[in-house]
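# What the coordinates show
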Amino acid sequence: MFSNSLTRIILLALGLIISWMLFYIDSFAGFAPDWQWQRNYQAERPAVVMSGERLSSFQQGMLLTGISDVINTRITNIERDQNTLIYHYENSVQIDVLADIGPPLLNLQISPDTTMLRLMLEAKVGRGTIRHRSYDDSATIPVSQLIIEENGKLRVSARFLGYVAEQQCDAQGHCLVVFGARSYSKDAVFYSADGGRNWCWLPQWQAPGGNQTYQLLGLSGAQSLLLVQQGKLYRSDDLGQHWQQVFDLVRLLTERGIDPALYAASWYYNGGDRVIVSNQPHNTGEQDRLTASLLLDFNLKSAQIQSSQWVGGDIVAADISPQGDFDFVLRQRPRWLYSLNRLRENGALQPLLETGKKALGTLYAGNDLLMMEKAFNDPLHMTVSTDGGQHWFRMKKLPDSYNYRVQFDRWRNRLFRFPAHDFDYPKLGNSDGLVFETTTPP
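All values derive from a computational prediction rather than experimental measurement.

Thresholds, definitions, all that
- Residues numbered from 1 in each chain as written.
- Predicted model: local features only at pLDDT ≥ 70, side-chain atom pairs only at ≥ 80, totals over all residues.
- Heavy atoms only, no water.
- Helix = DSSP H or I, 4+ residues; strand = E, 2+ residues; numbered from the N terminus.
- Buried < 20%, exposed > 50% of the residue type's maximum accessible area, 1.4 Å probe, protein only.
- Contact = heavy atoms within 4.5 Å.
- Areas by Shrake-Rupley, 256 points an atom, 1.4 Å probe, with all protein chains shown as cover.
- Disulfide = S-S within 2.5 Å.
- pLDDT = per-residue confidence, 0-100.
- Patch = residues over 30% accessible without salt bridge, like charges linked within 9 Å, V, L, I, M, F, W, Y side chains within 5 Å.
- Salt bridge = Lys/Arg side-chain N within 4 Å of Asp/Glu carboxyl O.
- Pairing = 2+ DSSP bridges.
- Axes fitted to C-alpha atoms, helices over the stretch in contact; angles between N-to-C directions.

Let us now look at the overall build of the chain. Summing up its helical and strand segments, the chain has four helices and 32 strands in all. Going through the 442 residues of the chain one by one, you find that 47% of them count as buried. Sequence-distant contacts in the chain: of pairs separated by 6 or more residues, those separated by 24 or more amount to 48%. Accessible surface, the chain: about 22,600 Å² in total, of which carbon and sulfur atoms supply 49%.

Another aspect to go through is the state of the cysteines. Throughout the structure, instances matching the rule amount to one disulfide. The side chain of cysteine 169 participates in a disulfide bridge whose partner is cysteine 175; the two sulfur atoms lie 2.1 Å from each other. Given an S-S torsion of about 110°, the disulfide between cysteine 169 and cysteine 175 has right-handed geometry. This pair shows no difference in class: cysteine 169 is buried, exactly as cysteine 175 is.

The next point concerns unusual backbone geometry. With a phi angle near 55°, leucine 239 is a residue other than glycine that sits in the positive phi range. Along the chain, the position of leucine 239 falls in the loop between strand S15 (232-236) and strand S16 (244-248). For leucine 239, a relative accessible area of 5% gives the class buried. One non-glycine residue with positive phi stands out, namely alanine 303, at about 55°. By the element assignment, alanine 303 lies in the loop between strand S19 (292-299) and strand S20 (304-312).

Taken as a whole, the chain shows an average pLDDT of 87; of its residues, 88% reach a score of 70 or greater. For residues 127-137, every residue scores under 50 in pLDDT, and the model assigns this stretch 25 contacts once sequence neighbours within four places are set aside.

Before going further, it helps to spend a moment on a nonpolar patch on the surface. Where nonpolar side chains cluster on the molecular surface, the patch consists of Leu6, Ile10, Leu11 and Leu14 and spans about 360 Å² of accessible area. Tracing the chain through its elements places leucine 11 in helix H1 (residues 5-27).

Moving on, we come to the environment of valine 277. If you trace the backbone, valine 277 turns up in strand S18 (residues 274-281). Spatially, the C-alpha atom of valine 277 lies 5.9 Å from that of leucine 295, the residues being 18 residues apart in sequence. The residues contacting valine 277, other than those within four sequence positions of it, are Phe247, Leu249, Ala265, Ser266, Trp267, Leu294, Leu295 and Leu296.

Take the pairing of strand S23 (residues 337-343) next. For S23, a buried count of six out of seven residues is recorded, marking the element as mostly surrounded by other parts of the structure. For S23 and strand S24 (residues 349-356), the ladder comprises six bridges, and the chain directions are antiparallel. Residue pairing across strands places arginine 342 opposite glutamine 350, the latter belonging to S24.

Attention now moves to the sheet that holds strand S29 (residues 404-409). Taken in spatial order, the three strands make up an open sheet running S29-S30-S32, and their pairing is antiparallel. Edge positions in the sheet fall to S29 and strand S32 (437-439), since each of these pairs with one other strand and no more. Neighbour-to-neighbour, the strand axes of the sheet open up by a mean angle of 25°, direction not taken into account. Pairing geometry for S29 and strand S30 (residues 414-419), over six bridges, is antiparallel. In the strand pairing of S30, valine 406 is matched with arginine 417.

Strands sit in the order S21-S22-S23-S24 across an open sheet of four strands; the sheet is antiparallel. Looking at which strands have only one partner, the edges of the open sheet turn out to be strand S21 (314-320) and S24. Going across the sheet, the axis of each strand differs from the next one's by a mean of 20°, ignoring polarity.

What follows is the structure, encoded as structure tokens:
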């Protein structure tokens with residue numbers, strides 16, 4: 001039929017092109033659509049530079065926190081002599097935290113001495129010369145911005161001179177923020193019952209184990225909190241005044257003959273009655289022997305482990321959906337196969353996606369939305385499902401963390417991105433000086 005050699009060559013070329021295209025579509029991200037980022041606000045006020053953004057999403061809104069500098073130190077001139085460099089600098093106020101029309105400063109609930117605070121801030125502002133090889137870091141004062149959304153617009157609801165150590169909101173919008181200079185402080189915990197619009201100081205707050213590092217796991221009610229410290233799960237029903245231990249992971253592992261020192265625990269609260277703990281092997285040189293992770297599902301109502309199982313490999317990413325589902329990416333050993341799975345309440349593992357050796361990374365779980373980083377012989381991209389994992393499509397990778405920082409609003413399936421560098425900020429932000437862009441999966 002194909003006696004003509006030219007016809008054969010054409011058909012062979014077409015076959016190679018089609019095969020190449022199919023391979024490209026299956027294994028590469030070259031044809032993946034890009035995210036459509038939008039800046040949905042009017043540019044009104046001088047931009048406020050932020051870093052360290054965190055986002056807690058709930059049914060009727062979200063709480064976003066970020067760090068800015070009250071005092072902006074700007075080098076105006078540099079001179080050089082034989083012995084040293086001389087930096088001339090000028091300080092200016094970037095944020096007036098005591099402005100009459102500005103958001104409330106939460107520090108004043110702890111110590112209402114505005115005069116002393118004003119003097120402290122003014123002492124940092126001025127002109128001078130520093131005979132060092134860098135500007136004076138002591139001239140910068142961190143301020144945490146507490147940001148909420150109202151009528152589709154982001155605004156700063158309050159500020160605090162210090163860093164955010166922890167922040168969590170439950171589905172109903174009860175929110176808790178723990179502040180500290182660099183560590184936790186019993187005098188710097190604030191609570192909101194209305195999604196961050198109003199904040200009250202919790203002077204009665206005290207961590208169950210003193211000043212040891214802890215993780216605020218979540219809010220389980222209007223007054224109830226869950227906290228993990230030194231491998232123990234604690235619950236408070238009076239906003240941190242009293243605590244009761246409900247689960248001791250170290251004791252459980254020891255009773256089972258498992259050395260807790262060989263495993264690293266990650267804790268997840270699903271917003272209801274379940275706390276999931278994944279125990280993964282440390283990189284201790286015993287990787288040939290320690291090839292499985294232990295998944296524990298603890299029920300808060302019964303105070304019992306409702307399921308316990310070993311899964312072969314590492315849990316490289318995990319997330320909790322707004323509906324309380326625990327989804328995780330498993331990398332199985334020794335073949336390094338990747339899969340996305342869901343831990344059901346009865347302890348069964350439900351496979352949602354298997355990719356073989358195509359590596360899966362960071363996981364985002366939203367309302368019937370699942371997104372993961374995916375890479376195999378191609379640039380990193382996102383694989384996305386908008387029907388709970390039944391069907392998948394490809395999107396371009398999210399912005400490089402060097403240029404942008406991305407946060408996920410799981411209740412509304414939105415992504416927020418913020419510039420990562422001062423020089424990337426435009427001159428103007430929204431009505432509060434905030435600079436951001438948003439996008440949603442198509």
